[in-house]
Amino acid sequence: MSERWIADRMHNIDASGIRKVFDLAARMTDPINLSIGQPHFDTPDEIKEALFEAVRDGKNAYSQTQGIAPLREKLEARVAAELGQADRQLFVTSGTSGALMLALSTLINPGDEVIVFDPYFVMYKHLTAMSGGKVVLIDTYPEFKIDVEKVRNAITDRTKLILFNSPSNPTGMVSSIEEMKALAELAKEKDVALLSDEIYRSFCYDGEFISPAKWNDQTIVIDGFSKSHSMTGWRLGFVHGPAHIMQQMIKLQQFTFVCAPHPMQWAALVAADYDITGRVDEYREKRDFMVRELSGDYEIAGANGAFYLFVKAPWGTGTEFAKAAIDHNLLVIPGNVFSSQDTHFRISYAAENSTLERGVEVLKKLAKRPTS
Ligand SMILES: Cc1ncc(COP(=O)(O)O)c(C=O)c1O
């Protein structure tokens, strides 16, 4: 085996931050786990039944590259009702991650700059590195608001793409209409592609979800069933955007993923009509509980969507705080996994109420640096 075999691009992908967390977690027995980035409930039974039926019916071969027609048509109708943009094409992908990878590979030349808001979803950094692009971070601390003037100043001749995510992982921030409109219009004015990652769109607790695509018909939107329907292992997402870009992405899907998992696409047809309002209400209550219990001792911004709180460490760095939490059997993720800063930690409240109560108890104890 030779080190020479490993491509240079792999050295630009640094997974050490998250690996350290997993290493620490592996040493814990029965942790209070507030680190999980997926809903705590299982996939609804109706959707499971639709999958069993699809498998029994022999829907097990490849599907068309762009996905089965009934699912595409259902999703297209929904997108058309929301955005009503004639040139918008949609296809089904292997998760939102699959769509992200196809988009970056389709748009980014080596050396192109990709604007990413810090804190960010970890995959953005690694997929940009893989495509040979350069991440340009825009700091959104302490309130996680988007300052469009900062974006304007960061745009250069090499800027190709802006990656936008609201509701956000890891901050739970839902951007305001003003921020989104200004960002969408700036992207249009500067002829920079805008990708809106809308995987948490169902989880907006204090208002309706609005897509920046409303103000920029060239926006590439990625979405999926992982979080909304607790189907993270099923690898089902979709993407829509300008037809000429979608055509290129479909071409690449044909020679990489081939298609999204076929039987899961039939189950997604049922998922698309499955009402998740009750689950969202449950998560809103969890959000309210966590913010109510913690805001006396902790500084929390964002927190109006997804199922995360990005909390300022009350002492030490995010890593030092997360280590102390682990010593108390509580698993949270240090902020530097999602950021160039190490001042915060991420809590996921996608957990049973009893787990949240135990987590709050430890966090109240840890608000002051333990003396030992
Ligand atoms: C912001 C964001 N985008 C995309 C994904 C990927 O989701 P999928 O399971 O659809 O690939 C995640 C998963 O954690 C996420 O948090």
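Residues numbered from 1 in each chain as written. Predicted model: local features only at pLDDT ≥ 70, side-chain atom pairs only at ≥ 80, totals over all residues.

### Points about the sheet that holds strand β13 (residues 344-348)
Overall, antiparallel pairing links the four strands, which are arranged β9-β10-β13-β12 in an open sheet. In this open sheet, the two strands that pair with only one neighbour each are β9 (300-301) and β12 (333-334). Where strand β10 (residues 308-312) meets β13, five bridges bridge the pair, whose relative direction is antiparallel. Considered in β13, the bridge of tyrosine 308 is made with serine 348. (Pairing = 2+ DSSP bridges. Helix = DSSP H or I, 4+ residues; strand = E, 2+ residues; numbered from the N terminus.)

### Describing the pairing of strand β5 (residues 159-165)
For β5, the tally of buried residues reaches six of seven residues, placing the bulk of the element in the interior. Relative to β5, strand β3 (residues 113-118) is paired through four bridges, and the arrangement is parallel. Within the sheet, the bridge partner assigned to valine 116 lies in β5 and is leucine 163. As paired strands, β5 and strand β6 (residues 193-197) are joined by five bridges and run parallel to one another. Within β6, the residue paired with isoleucine 162 across the bridge is leucine 194. On the question of chirality, the crossover connecting β5 to the parallel β6 by way of helix α7 (residues 177-190) is right-handed. (Buried ≥ 20, exposed ≤ 12 C-beta atoms within 10 Å, placed from the backbone. Right-handed = clockwise from strand over helix to strand, strands pointing away.)

### Side note on helix α10 (residues 277-294)
With 18 residues, α10 should reach 26 Å at 1.5 Å per residue; the first-to-last C-alpha distance of 26 Å fits that figure. Three or more residues of α10 are buried, namely Tyr283, Arg287, Met290 and Leu294. Viewed end-on, α10 has its buried residues packed into an arc of 70°, placing them on one side of the element. Turned more than 90 degrees off the buried face of α10, the exposed positions are Thr277, Gly278, Asp281 and Arg292. Next to the buried residues of α10 lie β9, β10, β13 and α12 (353-366). (Expected span 1.5 Å × (residues − 1). Arc of directions from axis to C-beta. Contact = placed C-beta atoms within 7 Å.)

### Describing the packing of helix α4 (residues 95-107) against helix α8 (residues 243-254)
Contact geometry of α4 with α8 gives a least axis separation of 9 Å together with a crossing angle of 110°. Comparing the axis directions of α4 and α8 gives the class roughly perpendicular. Viewed along their axes, α4 and α8 form a crossing whose handedness is right-handed. For the pair α4 and α8, the contacting residues are Leu102, Ala103, Ser105 and Thr106 in the first and Ile245, Gln248, Met249, Leu252 and Gln253 in the second. (Axes fitted to C-alpha atoms, helices over the stretch in contact; angles between N-to-C directions. Parallel < 35°, antiparallel > 145°, perpendicular 65-115°, else oblique. Left-handed = near helix turned anticlockwise from the far one by under 90°.)

### Quick look at the domain arrangement of the protein
By domain assignment, the protein separates into domain 1 (3-43 + 276-366) and domain 2 (45-271). Computed from C-alpha coordinates alone, the two centres of domain 1 and domain 2 are separated by 23 Å. Listed by partner, the interface residues are 32 residues for domain 1 and 35 residues for domain 2. Listing elements by their share of the side of domain 1 that touches domain 2, those giving two or more residues are α10 and β10. The greatest single-element share of the side of domain 1 that touches domain 2, amounting to four residues, is contributed by α10. Of the residues in the side of domain 1 that touches domain 2, the class split is 16 nonpolar, eleven polar and five charged. (Domains from an automatic or database assignment. Nonpolar A, V, L, I, M, F, W, Y, C, P; charged D, E, K, R; others polar.)

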